[in-house]
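Secondary and tertiary structure notes
One letter stands for each residue in the lines below.
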Amino acid sequence: MIYLIDHEDSFTYNLAHLLDSIEPTFVSNYYEIDQIKLEKSSTIVLSPGPGEPKDYPLTTKIYNKYKGKKKILGICLGFQQIVFCEGAKIVQQKNILHGYQSHIKVTNDKSIFKKNFNFLGGRYHSLKMAEPFVSQSMIITMRCVKTNVAMAVEDDINKVYGLQFHPDSFLTPHGKYLIKKILSR
Amino acid sequence: MLNNKEYLNKLYQSDKPLIIYKTDKGYDIYTDFSRRIIINKKNLKYFLNIQTKSKKSKIEELNCYVGFFGYKLLCENIGIKFPKQRSKNFHSGVFYKPQTKISIGKKIIIKSIKPDFRNISINTKKYLQLNKKFNLNLSLKQYSKIFNDFSKNIKQGKTYQIKIAQTYSKKGNINSIDLFWKLMKMNESPESFLIREKDYNIVSCSPETLILKKDKTIRTKPIAGTLRKTKQLNKNKALTFFRRNEKETKEHNMIVDMERNDLSKICKTGSVKIDKLKKVEEYRDLFHYVTTIKGVIKNKMSNHDIISSLMPGGSVIGCPKISTIQLLNRKEKFDRNIYTGSFGIIHSNGDMRFNIMIRTLLNFKNDIELSVASGVILGSTAKKEYNENYIKAKSLLDLFN
């Protein structure tokens, strides 16, 4: 079972449908966590949402508790929450991209995806992760072709994955393929 | 006895409460109301899940309730608390049970369970318009300040898009029937309606369908993108404009994903699909950019669940819904009243049709008011959005010239 933590976003249920079509998915608000279901789940997914990681200390706690014990996937804000917990700073980016479709490329040959795989992704973010990003086991694996902004991180040892873009958006035609592959790890 | 046409004319000239609702084929008129229910947050769920299901009439089409939910009621229904706002204390929502339905299409068809329904007397009420000009509640300067504050909120990631509402108002009374048919001649829109009541009137040329539910299938048709008509523009050129315009495209994409989300909450996994992506619809003063999304409702979902997921409609608030409404509540000093609420019909078999109350004029007591909104999107300017609001209000304001 997948436990999807909703940060009161208006895109969470797009993600829930995408996940549920692969594996049964339970959704709850970030402030109404069902501890028993969370404990039983095999994967925790952190939803998109407004604001920035430090606005959600409860989610930070959950990440720190379950990292390495369960598979964790973060989308948009969820991506930022993961890298924030791994020590990255979250900053405003120059161009604010809400409802924007970008070319995204796999840039690292250690990625679970094939290097140079190029696809279209829908983006809804005004903040981004500051670089350089240094981590022992987490690597940046995808970038925006045009601006080089980091679009994905992977830690295949601890099974932690983050996507800055929205695989759930209709602007990401390969969204299901991407999620399926991550969930199969 | 009066023939159908004579009856209809007399009905118009009476002061009997009635509702007119635009349909695919023409117009439906509902009257001879046996019940009027004021909807508030306490009885909303009971009304939707129990009361509307009663099948008392032998005529199937009369087993329905017609009416509206105001904006505040819909927000409170999803757990949002409101600060103190200036308010006219208008009804939070009202629904009516009709005993007579008149369908106007190629022919006039009347169905009624009221034996003496043709018995009506003519009203001699005088309509009075006190001030000539409408007042606008926000000046460009005030609007710009809110616009700039919200722009900051967007940069901080607190909202992705936010719509500022403005209200035009003046003192007076309207003859809503005359006004409605005048409006339909000029700007017939798919979700137009009229409510004539003893204590208030609503006249609307809403173009936006929020819920179209038949059996287990539900559709929504969000509008995002507005273009003012000029002589050089036609539908194809408008489409090219929208496709090439980054701001309109982004705004539209966001609303499509948001409405997909709201449907996904109540629909079977995998059933939510985009039916018609990014079409242009043509109106008297403007073009709109529209998408249709559909889904199949999950077995256990009630009509209250459906209303809670889709209302208030996202395209008139911004995104994400909850945090954006909270930001709006801090800046909007006036109650939105009926504006961005929903008007529609609920049948006893569970089928529903609802619009979003935009391009909608309310006459309550001696006040006439009309609100419009447009989005703060980075890359747009306060002045441009302020003017876009005027274009949206124009066809209704023109009625008073």
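Residues numbered from 1 in each chain as written. Chains lettered and ligands numbered in written order. Predicted model: local features only at pLDDT ≥ 70, side-chain atom pairs only at ≥ 80, totals over all residues. Heavy atoms only, no water.

Next up on the list: the overall build of chain A. Of the regular secondary structure elements, chain A holds five helices and nine strands. On C-alpha atoms alone, chain A measures out to a radius of gyration of 15 Å, which is about the 16 Å that the 2.2 N^0.38 rule sets for 185 residues. Across its three principal axes, chain A shows a C-alpha extent of roughly 45 × 30 × 30 Å. Evaluated residue by residue, chain A yields a buried proportion of 60% over its 185 residues. Sequence separation of 24 or more characterises 68% of the internal contacts of chain A that already satisfy a separation of 6 or more. Accessible surface, chain A: about 7,700 Å² in total, of which carbon and sulfur atoms supply 50%. Across chain A, the mean location of the 24 positive side-chain charges is 8 Å away from that of the 17 negative side-chain charges. (Helix = DSSP H or I, 4+ residues; strand = E, 2+ residues; numbered from the N terminus. Rg over C-alpha atoms; globule rule 2.2 N^0.38 Å. Buried < 20%, exposed > 50% of the residue type's maximum accessible area, 1.4 Å probe, protein only. Contact = heavy atoms within 4.5 Å. Areas by Shrake-Rupley, 256 points an atom, 1.4 Å probe, with all protein chains shown as cover. Lys, Arg positive; Asp, Glu negative; His and termini not counted. Charge placed at Lys NZ, Arg CZ, Asp CG, Glu CD.)

Looking now at unusual backbone geometry. Of note, the amide linkage connecting E131(A) to P132(A) takes the cis form, showing an omega dihedral of 5 degrees. Within the secondary structure, P132(A) sits in the loop between β6 (118–129) and β7 (139–144). A cis amide bond, omega -10 degrees, links C319(B) with the succeeding residue P320(B). Positive phi values are uncommon outside glycine, yet N89(B) reaches one of about 55 degrees. Tracing the sequence through the fold places N89(B) in the loop between α3 (71–77) and β4 (93–104).

This part takes up the side chain of D262(B). Residues and elements named next belong to chain B. Residue placement: D262 occurs in helix α7 (residues 246–264). With relative accessibility at 4%, the residue D262 sits in the buried group. Side chain to side chain, D262 and K321 meet in a polar contact 2.9 Å long. Non-local contacts of D262, meaning those with residues more than four positions away in its chain, are made with S309, L310 and K321. (Polar contact = N/O pair within 3.5 Å; in protein donor to acceptor, adjacent residues only side chain to side chain.)

Residue and element names in this part refer to chain B. One pass over the full model with this rule turns up five cavities of 30 Å³ or more. What the largest cavity holds in volume is close to 170 Å³. Taken together, 19 residues line the largest cavity, and the ones lying closest to its centre are V316, I358, R359, A373 and K392. When contributions to the lining of the largest cavity are tallied by element, the ones reaching two or more residues are β12 (223–228), β19 (367–376) and α10 (382–397). By residue number, the principal contributor to the lining of the largest cavity is β12, which donates four residues. In terms of residue class, the lining of the largest cavity is built from eight nonpolar, five polar and six charged. (1 Å grid on protein atoms, 1.4 Å probe; cavity = no way out; pocket = protein on both sides within 12 Å on 5 of 7 lines; lining within 4 Å. Points joined across faces, edges and corners; volume = space filled by probe spheres on them. Nonpolar A, V, L, I, M, F, W, Y, C, P; charged D, E, K, R; others polar.)

So, about the packing of aromatic side chains. Aromatic ring pairs: the centre-centre distance and the angle between the two ring planes describe each pair. The full count for this structure, using the stated rule, is 33 aromatic pairs over all chains. A network of ring pairs unites the aromatic residues F113(A), F117(A), F119(A), F165(A) and Y177(A) as a single cluster. The cationic tip of K22(B) hangs over the ring face of Y27(B); the distance from NZ or CZ to the ring centre is 5.1 Å. (Phe/Tyr/Trp six-rings, centres within 6.5 Å; stacked < 30°, edge-to-face > 60°. Lys NZ or Arg CZ within 6 Å of the ring centre and 35° of its normal.)

Further remarks concern the layout of surface pockets. Here the largest pocket defines a volume of roughly 1,300 Å³. Here the residues of the lining of the largest pocket are counted per class, giving 10 nonpolar, 11 polar and 21 charged. Counted as a void, the second largest pocket has a volume near 590 Å³. In terms of lining, the second largest pocket is formed by 24 residues, of which the most central are D6(A), Y13(A), N29(A), K265(B) and I322(B). Elements that contribute at least two residues to the lining of the second largest pocket include exactly β2 (25–29) of chain A together with α7, α8 (303–310) and α9 (321–331) of chain B. Classifying every residue of the lining of the second largest pocket gives eight nonpolar, seven polar and nine charged.

Residues and elements named next belong to chain B. Two elements in contact, helix α4 (residues 140–155) and α10, have axes separated by 9 Å at closest approach and are oriented at 120 degrees. In this view, α4 runs oblique relative to α10, as classed from their interaxial angle. The chirality of how α4 crosses α10 is right-handed. Together, L140, Y143, S144 and F147 of α4 and A382, K383, E385, Y386 and N389 of α10 make up the contact between the two elements. Here the residues of the contact of α4 with α10 sort into five nonpolar, two polar and two charged. (Axes fitted to C-alpha atoms, helices over the stretch in contact; angles between N-to-C directions. Parallel < 35°, antiparallel > 145°, perpendicular 65-115°, else oblique. Left-handed = near helix turned anticlockwise from the far one by under 90°.)

With that settled, the discussion passes to the sheet that holds β2(A). Residue and element names in this part refer to chain A. Strand order across the open sheet formed by nine strands is β2-β1-β3-β4-β9-β8-β7-β5-β6, with mixed pairing between neighbours. Two strands in the sheet have a free side with no partner beyond their single neighbour: β2 and β6. Pairwise comparison of adjacent strand axes, ignoring direction, gives a mean angle of 25 degrees for this sheet. Across four bridges, strand β4 (residues 71–75) lies against strand β9 (residues 160–163) in parallel orientation. By the bridge assignment for β9, I72 is matched with V160. Relative to strand β3 (residues 43–46), helix α3 (residues 57–66) is tilted by about 150 degrees, and along the sheet it contacts β1 (2–6), β3, β4 and β9. (Pairing = 2+ DSSP bridges.)

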